[in-house]
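Understanding the architecture of this molecule
Each chain, written out:
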Amino acid sequence: MAINENMSNSVELLGHYGSDTVHAQSAWTSTSRDLTEDKLARVDKLLKMLASEGHHTPFEKSGLHFLVNVDQATHIHLLKHRVGVSINGESARYKELKEDKMMWPADWSGVWKDKLRMYTEEGNKLYHEALEYFSPILGRKRAKESARFFKTFNSQISMDIMFNWRSFYHFQKLRNSPDAQKEVRELAEEMLNQVKNIEGNPFEKTIKAFGL
Ligand SMILES: Cc1cc2nc3c(=O)[nH]c(=O)nc-3n(C[C@H](O)[C@H](O)[C@H](O)COP(=O)(O)OP(=O)(O)OC[C@H]3O[C@@H](n4cnc5c(N)ncnc54)[C@H](O)[C@@H]3O)c2cc1C
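Structure report, in brief. No experiment lies behind these values; they were computed from the predicted model shown.

A closer look at the environment of Thr-206
Structurally, Thr-206 can be placed in helix 9 (residues 204–209). Judged by its relative accessible area of 0%, Thr-206 falls in the buried class. Put simply, Thr-206 and Ala-41 are 165 residues apart on the chain and 14 Å apart in space, counted from C-alpha to C-alpha. For Thr-206, the contacting residues outside a window of four places in its chain are Asp-20, His-23, Leu-47, Phe-59 and Trp-165.

Remarks on the site of the ligand
Taken together, the residues surrounding the ligand are Lys-80, His-81, Arg-82, Val-83, His-170, Leu-174, Arg-175 and Asp-179. At 2.8 Å, a side-chain N or O of Lys-80 approaches an oxygen atom of the ligand. With respect to the ligand, the side chain of His-170 contributes an N or O atom lying 2.6 Å from an oxygen atom. Contact with the protein chains removes 43% of the 940 Å² of surface that the ligand exposes when unbound. Of the residues assigned to the shell around the ligand, the class counts are two nonpolar, two polar and four charged.

Some points on the packing of aromatic side chains
Tallied over the full model, the rule gives 10 aromatic pairs. Pairing Phe-163 with Phe-168 gives two aromatic rings, centres 5.5 Å apart and planes at 65°, and the pair type is edge-to-face. Residue Phe-163 is classed as buried on the basis of its relative accessible area of 2%. On the basis of relative accessibility, which here comes to 0%, the residue Phe-168 falls in the buried class. If you follow Lys-39 out to its NZ or CZ, it ends over the ring of Trp-28, 4.8 Å from the centre. Above the face of the Trp-112 ring, Lys-115 is positioned so that its terminal group lies 4.6 Å from the ring centre.

Examining helix 4 (residues 72–79)
By the criterion of burial, helix 4 is predominantly enclosed, with six of the eight residues buried. All buried positions along helix 4 are accounted for by Gln-72, Ala-73, Thr-74, His-75, His-77 and Leu-78. Tucked inside the fold, the buried residues of helix 4 contact strand 3 (63–70), strand 4 (85–89), strand 6 (157–164), helix 7 (165–175) and helix 8 (182–196). By the N-cap criterion, in which a side-chain oxygen at the helix start approaches the backbone nitrogen of a residue two or three places on, helix 4 is capped by Asp-71, the distance to Ala-73 being 3.0 Å.

Looking at the pattern of salt bridges
Here the idea is simple: oppositely charged side chains can pair when their charged atoms come close. One pass over the structure, following the stated rule, counts 12 salt bridges. Of the charged contacts, one joins Arg-42 and Asp-38 as a salt bridge, the two residues approaching to 3.3 Å between their closest N and O atoms. Note on Arg-42: relative accessible area 37%, which makes it partly exposed. With relative accessibility at 48%, the residue Asp-38 sits in the partly exposed group. Across the pair Glu-145 and Arg-142 runs a salt bridge whose closest N-O atoms are separated by 3.2 Å. Taken together, the residues Glu-145 and Arg-142, both in helix 6 (residues 140–147) and three residues apart, mark about one turn of the helix.

Topic: unusual backbone geometry
Of note, the phi angle at Asn-201 is positive, near 45°, even though the residue is not glycine. Looking at where Asn-201 falls in the secondary structure, it is placed in the loop between helix 8 and helix 9. Among the residues examined, Asn-201 registers a relative accessible area of 24% and is labelled partly exposed.

Things to note about the packing of helix 1 (residues 20–28) against helix 3 (residues 43–53)
Between helix 1 and helix 3, the least distance of the axes is 10 Å, while the angle of their chain directions is 70°. For the element pair helix 1 / helix 3, the angle class is roughly perpendicular. Seen from above, helix 1 lies across helix 3 with left-handed handedness. Each of Asp-20, His-23, Ala-24, Ala-27 and Trp-28 in helix 1 lies in contact with helix 3, whose residues at this interface are Val-43, Leu-46, Leu-47 and Leu-50. Tallied by class, the residues present in the contact of helix 1 with helix 3 amount to seven nonpolar, one polar and one charged.

Quick word on the pairing of strand 6
By the bridge criterion, eight bridges tie strand 3 to strand 6 in an arrangement that is antiparallel. In the sheet register, Phe-66 faces strand 6, and the bridge partner there is Ile-161. Relative to strand 6, strand 4 runs antiparallel, the two sharing five bridges. Among the inter-strand pairings, Asn-88 is bridged to a residue of strand 6, identified as Asp-160.

About the cut-offs
- Residues numbered from 1 in each chain as written.
- Predicted model: local features only at pLDDT ≥ 70, side-chain atom pairs only at ≥ 80, totals over all residues.
- Heavy atoms only, no water.
- Helix = DSSP H or I, 4+ residues; strand = E, 2+ residues; numbered from the N terminus.
- Buried < 20%, exposed > 50% of the residue type's maximum accessible area, 1.4 Å probe, protein only.
- Contact = heavy atoms within 4.5 Å.
- Near = heavy atom within 4 Å.
- Polar contact = N/O pair within 3.5 Å; in protein donor to acceptor, adjacent residues only side chain to side chain.
- Areas by Shrake-Rupley, 256 points an atom, 1.4 Å probe, with all protein chains shown as cover.
- Nonpolar A, V, L, I, M, F, W, Y, C, P; charged D, E, K, R; others polar.
- Phe/Tyr/Trp six-rings, centres within 6.5 Å; stacked < 30°, edge-to-face > 60°.
- Lys NZ or Arg CZ within 6 Å of the ring centre and 35° of its normal.
- Salt bridge = Lys/Arg side-chain N within 4 Å of Asp/Glu carboxyl O.
- Axes fitted to C-alpha atoms, helices over the stretch in contact; angles between N-to-C directions.
- Parallel < 35°, antiparallel > 145°, perpendicular 65-115°, else oblique.
- Left-handed = near helix turned anticlockwise from the far one by under 90°.
- Pairing = 2+ DSSP bridges.

The following block contains the structure:
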């Protein structure tokens with residue numbers, strides 16, 4: 001079976017929709033969406049005011065779409081976000097996890113890292129063995145969904161996750177924070193880095209408005 005060991009989770013920004021101007025125009029719908037030079041010069045002030053006063057619905061008009069590869073604790077943290085977040089995950093019910101993707105805590109070394117490696121490898125071995133053993137007895141479907149009980153918490157899965165800007169800000173506030181677990185904090189930080197590095201910086205003023 002293929003083994004894929006990673007030091008950390010990974011993020012890829014698949015795509016995005018919207019911009020600072022889209023947020024501003026959404027707010028200006030209440031008067032006029034027409035853009036003038038004068039209004040364009042006021043976008044940063046407007047976005048700061050919307051962000052600070054909690055008028056956050058205009059920020060729902062943008063989308064940020066990521067593909068992530070995450071351990072099970074981070075998987076659960078992501079699923080906790082219910083509003084304005086759309087998630088699809090790789091399924092161990094529908095397919096055999098042929099590739100044993102796993103991560104090691106970056107701050108572990110020495111004997112405990114070796115113990116975790118042995119434990120993970122044993123779990124993966126038992127997963128594949130149980131799958132083969134139970135397939136003719138329980139059927140392939142039930143064998144797949146139950147053999148995964150051998151998978152360890154550092155096993156990684158792929159998830160496709162899309163936020164609107166409002167829910168992304170909420171996620172950043174909770175997860176890109178010292179209170180959050182290191183793995184999800186680093187994931188949130190990398191998501192923000194990738195958004196900050198989109199060519200042309202379409203969300204520059206929104207990022208500033210929320211102080212991110
Ligand atoms: C540091 C930290 C520790 C945590 N520890 C635990 C833990 O020990 N156990 C655990 O189970 N979870 C834990 N969580 C998860 C946490 O309880 C939330 O489930 C998670 O952060 C998602 O936050 P949210 O509900 O604000 O986000 P979303 O579900 O995306 O909701 C966004 C916002 O919409 C509003 N909203 C959503 N649903 C409702 C509703 N039903 N009624 C009213 N308003 C609503 C709220 O304003 C909410 O902030 C922890 C989170 C953090 C950041």
